Amino acid sequence: MYNQVDDQSIIRAMATTSTTREHLLEVGLRQLRATGYTATGVKEVLDLAQVPKGSFYHYFPSKESFVGELFERYAREEGERAQRLLGDTFVPPLKRLRTYFEELISVYGQPGESAGCLIGAMSLEIADHIPRLQAQLQSMYTGWQDGIADVLRQAIRQGDLPKSTKPGPLAEFILNSYEGALVRMKAEQNSSPLKNFLHFIFDVLLKK
């Protein structure tokens, strides 16, 4: 009986630890997207999460470490989105790619406080002076670009793009164009740059 009670206590403690840690990450990611790296202080996150300061440093040794885990969480969630949309081989490759960017735009391309891509925003704010986070950003861009390039390769094999198409550089151009359109949308609080992105990439550049 003693062991059973003790085991139940351990399970409850583990569940509480997991819940608190996940809650901090959820709140931190929302705050990072809304206010950026510099303005996202540990105190602000703790106040919003209603978690004591000691709990934060129990899970994360520093703000940089915390943000690094936020990047991992963001990359994991976006990887799941990419797999769901880009990995659906029952849909033609270029249609998959357009649907994927249309969904990204519906989520991140609406003018407002939390609009825009976290990777792009963090690249502008911190990539030059925090090497560890810069390396994470670079890795996320590389994985993202590779996923787009793979869909383009499938389109080439199916005859939807010329055999002379270079999927790597083209994927880089598409990704850079999307990120640039998001920045312009943020600056102007207008979605027309993203509409132009979709039109010129899919109705002109990738048109069969």
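Located above this text is the structure these notes cover.
Let me begin by describing the structure that accompanies this report. (Residues numbered from 1 in each chain as written. Predicted model: local features only at pLDDT ≥ 70, side-chain atom pairs only at ≥ 80, totals over all residues. Heavy atoms only, no water.)

### Focus on the overall build of the protein chain
Phase 1: When helices and strands are counted, the protein chain shows nine helices and zero strands.
Phase 2: Shown N-terminal to C-terminal, the secondary structure of the protein chain runs as helices and strands in the order α-α-α-α-α-α-α-α-α.
Phase 3: Each of the three principal axes of the protein chain carries a C-alpha extent, and together these read 70 × 45 × 30 Å.
Phase 4: Residue pairs in contact within the protein chain that sit at least 24 positions apart in sequence constitute 68% of those at least 6 positions apart.
Phase 5: Put simply, the protein chain shows about 11,700 Å² of open surface, and 54% of that area lies on carbon and sulfur atoms. (Helix = DSSP H or I, 4+ residues; strand = E, 2+ residues; numbered from the N terminus. Contact = heavy atoms within 4.5 Å. Areas by Shrake-Rupley, 256 points an atom, 1.4 Å probe, with all protein chains shown as cover.)

### Structural notes on the pattern of salt bridges
Phase 1: A complete count under the given rule lists 11 salt bridges for this structure.
Phase 2: In this structure, R73 and E77 form a salt bridge, with 3.5 Å as the shortest nitrogen-oxygen distance. Of this pair, R73 and E77 both sit in helix 4 (residues 63-86), four residues apart, which is roughly one turn of the helix.
Phase 3: For E77, a relative accessible area of 36% puts it in the partly exposed group.
Phase 4: Residue E103 is joined to R84 by a salt bridge in which the shortest nitrogen-to-oxygen separation is 2.5 Å. With a gap of 19 residues between them, E103 in helix 5 (residues 93-108) and R84 in helix 4 connect regions that are remote in the sequence.
Phase 5: Among the ionic contacts, a cluster of salt bridges with common partners joins E22, E26, R73 and E77. (Salt bridge = Lys/Arg side-chain N within 4 Å of Asp/Glu carboxyl O. Buried < 20%, exposed > 50% of the residue type's maximum accessible area, 1.4 Å probe, protein only.)

### Here's the deal with the packing of helix 4 against helix 7 (residues 131-157)
Phase 1: Between helix 4 and helix 7, the shortest axis-to-axis distance is 10 Å and the interhelical angle comes to 5°. The pairing of helix 4 with helix 7 is recorded here as roughly parallel in orientation. Across from E64, S65, V67, G68, F71, E72, A75 and L86 in helix 4, the residues of helix 7 making contact are R132, L133, Q136, L137, M140, G147 and V151.
Phase 2: Partitioned by chemical class, the residues of the contact of helix 4 with helix 7 number eight nonpolar, four polar and three charged. (Axes fitted to C-alpha atoms, helices over the stretch in contact; angles between N-to-C directions. Parallel < 35°, antiparallel > 145°, perpendicular 65-115°, else oblique. Nonpolar A, V, L, I, M, F, W, Y, C, P; charged D, E, K, R; others polar.)

### Quick notes on the packing of aromatic side chains
Phase 1: Tallying each qualifying case throughout the model produces 13 aromatic pairs.
Phase 2: When the centroid spacing of 5.3 Å and the interplanar angle of 65° are considered together, the rings of Y100 and F101 count as edge-to-face. Take Y100 and F101: they sit in the same class, and that class is buried.
Phase 3: Three or more aromatic residues joined by ring pairs make a cluster, and in this case those are Y100, F101, W144, Y178, F197 and F202.
Phase 4: For the cation-ring pair, K63 lies above Y37, with the distance from its terminal atom to the ring centre recorded as 4.2 Å. (Phe/Tyr/Trp six-rings, centres within 6.5 Å; stacked < 30°, edge-to-face > 60°. Lys NZ or Arg CZ within 6 Å of the ring centre and 35° of its normal.)

### A word on the packing of helix 7 against helix 8 (residues 167-188)
Phase 1: Axis separation between helix 7 and helix 8 bottoms out at 8 Å; the angle between their running directions is 125°. Classed by the angle they form, the pair helix 7 and helix 8 counts as oblique. As for how helix 7 packs across helix 8, the hand of that crossing is right-handed. Residues Y141, W144, Q145, I148, A149, L152, R153 and I156 of helix 7 touch helix 8, and the partners they reach there are P167, G168, L170, A171, E172, I174, L175, Y178 and E179.
Phase 2: Of the residues belonging to the contact of helix 7 with helix 8, the class tally is 12 nonpolar, two polar and three charged. (Left-handed = near helix turned anticlockwise from the far one by under 90°.)

### Some words on the nonpolar core
Phase 1: Grouped together as the largest cluster of nonpolar side chains are 62 residues, with contacts concentrated most on L24, F71, L97, F101, L152, Y178 and L206.
Phase 2: If one sorts the elements of this core by residue count, helix 7 sits on top with 10 residues. (Core = buried A, V, L, I, M, F, W, Y, C linked by side-chain atoms within 4.5 Å.)

### Here's the deal with unusual backbone geometry
Phase 1: The phi angle at Q50 is positive, at roughly 55°, despite the residue not being glycine.
Phase 2: As for its position among the elements, Q50 is in the loop between helix 2 (42-49) and helix 3 (53-59).
Phase 3: One non-glycine residue with positive phi stands out, namely Q189, at about 50°.
Phase 4: Checked against the element boundaries, Q189 lands in the loop between helix 8 and helix 9 (192-205).
Phase 5: In this structure Q189 comes out as partly exposed when scored by relative accessible area, which is 44%.

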